[in-house]
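Each chain is listed here by its residues.
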Amino acid sequence: MQRTFLSAKLHRVTTTAVELDYEGSCEIDGVLLDAADIGAFEQIQIYNINNGNRFTTYTIRGKDNSGVISVNGAAAHKVNVGDVLIIAAYGMYTEKELESYAPRLCYVNDQNVLTKISANISL
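All figures in this text were calculated on a predicted structure; none of them were measured in a lab. (Residues numbered from 1 in each chain as written. Predicted model: local features only at pLDDT ≥ 70, side-chain atom pairs only at ≥ 80, totals over all residues. Heavy atoms only, no water.)

1. Looking at the sheet that holds strand S5 (residues 54-62)
For step 1, the next point in the chain: Spatially, nine strands are ordered S2-S6-S3-S5-S4-S7-S1-S8-S9 in an open sheet, and the strand pairing comes out mixed. Lying at the two open borders of the sheet, with one neighbouring strand each, are strand S2 (17-19) and strand S9 (114-118). Each neighbouring strand pair of the sheet contributes to a mean axis angle of 30°, computed without reference to strand direction.
For step 2, the next point in the chain: As defined by bridge partners, strand S4 (residues 43-48) adjoins strand S7 (residues 84-94) across four bridges and the pair is classed as antiparallel. Bridging from a neighbouring strand, Ile46 pairs with Ile87 of S7. (Pairing = 2+ DSSP bridges. Helix = DSSP H or I, 4+ residues; strand = E, 2+ residues; numbered from the N terminus. Axes fitted to C-alpha atoms, helices over the stretch in contact; angles between N-to-C directions.)

Written out as structure tokens, the structure reads:
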């Protein structure tokens, strides 16, 4: 049996751009993608803290150290520049894989610069 668990989270990133007339997806600073071990074109869930919108899209790798978080295409209707988001990726794990499972929880400052990586929720 496989079970679905959080594999990675970018916690409280700030939206830097919204591009409606775009093919789609979410452009994310490459350093943040690497820190979270989220790949280009990987499916993600986005949770908008400002308005409660939740939606699914995929990633595009942005320029390293750019701080970019750009929500594009139809999803751009769900986000405004300056909105604070949680970006989550999930994985399917076997019972054996869960024995060594640990999520990658990535925290940023208000400029989307990585400040901490943890496997535990910070309270």
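2. Overview of the pattern of salt bridges
Side chains that differ in charge, positive against negative, can pair when their charged atoms come close.
For step 1, the next point in the chain: All told, the structure shown has four salt bridges when counted by the stated rule.
For step 2, the next point in the chain: For Arg61, the salt bridge goes to Asp34, with nearest N and O atoms at 2.9 Å. Pair noted here: Arg61 is in strand S5 and Asp34 is in helix H1 (residues 30-36), with a separation of 27 residues, a long-range link.
For step 3, the next point in the chain: Classification of Arg61 by relative accessible area gives partly exposed; the value is 39%.
For step 4, the next point in the chain: The exposure class assigned to Asp34 is partly exposed, which follows from its relative accessible area of 47%.
For step 5, the next point in the chain: For the salt bridge of Asp64 with Arg61, the shortest nitrogen-to-oxygen distance reads 3.0 Å.
For step 6, the next point in the chain: Among the residues examined, Asp64 registers a relative accessible area of 37% and is labelled partly exposed.
For step 7, the next point in the chain: Salt bridges sharing partners connect three or more residues here, namely Asp34, Arg61 and Asp64. (Salt bridge = Lys/Arg side-chain N within 4 Å of Asp/Glu carboxyl O. Buried < 20%, exposed > 50% of the residue type's maximum accessible area, 1.4 Å probe, protein only.)

3. Notes on the environment of Gln111
For step 1, the next point in the chain: Relative to the helices and strands, Gln111 resides in the loop between strand S8 (104-108) and S9.
For step 2, the next point in the chain: With 33 residues separating them along the chain, Gln111 and Lys78 place their C-alpha atoms 21 Å apart.

4. Side note on the nonpolar core
For step 1, the next point in the chain: The biggest cluster of nonpolar side chains holds 22 residues, and the ones touching the most others in it are Leu10, Val13, Cys26, Ile28, Ile69 and Ile87.
For step 2, the next point in the chain: Here the element with the most residues in this core is H1; it accounts for four residues.
For step 3, the next point in the chain: Setting aside anything within four residues of it in sequence, one finds Cys26 in contact with Ile44, Ile46, Thr57, Tyr58, Thr59, Ile60, Ile69, Ser70, Val71, Asn72 and Ile87. (Core = buried A, V, L, I, M, F, W, Y, C linked by side-chain atoms within 4.5 Å. Contact = heavy atoms within 4.5 Å.)

5. A word on the side chain of His11
For step 1, the next point in the chain: Turning to its location among the elements, His11 is positioned in strand S1 (residues 2-14).
For step 2, the next point in the chain: At a separation of 3.3 Å, a polar atom in the side chain of His11 contacts the side chain of Lys9.
For step 3, the next point in the chain: Dropping the residues within four chain positions of it, His11 is found in contact with Leu85, Ile86, Cys106, Tyr107 and Val108. (Polar contact = N/O pair within 3.5 Å; in protein donor to acceptor, adjacent residues only side chain to side chain.)

6. Regarding the packing of aromatic side chains
For step 1, the next point in the chain: Using the criterion set out here, one finds four aromatic pairs in the structure.
For step 2, the next point in the chain: Considering the side-chain rings of Tyr93 and Tyr101, the 5.2 Å spacing of their centres and the 70° angle between planes classify their relative orientation as edge-to-face.
For step 3, the next point in the chain: Overall, the relative accessible area of 18% leaves Tyr93 in the buried class.
For step 4, the next point in the chain: You can call Tyr101 partly exposed: its relative accessible area is 25%.
For step 5, the next point in the chain: These aromatic residues form a ring-pair network of at least three members: Phe5, Tyr93 and Tyr101.
For step 6, the next point in the chain: Of note, Lys116 hangs over the ring of Tyr107, and the distance from its end group to the ring centre comes to 5.2 Å. (Phe/Tyr/Trp six-rings, centres within 6.5 Å; stacked < 30°, edge-to-face > 60°. Lys NZ or Arg CZ within 6 Å of the ring centre and 35° of its normal.)

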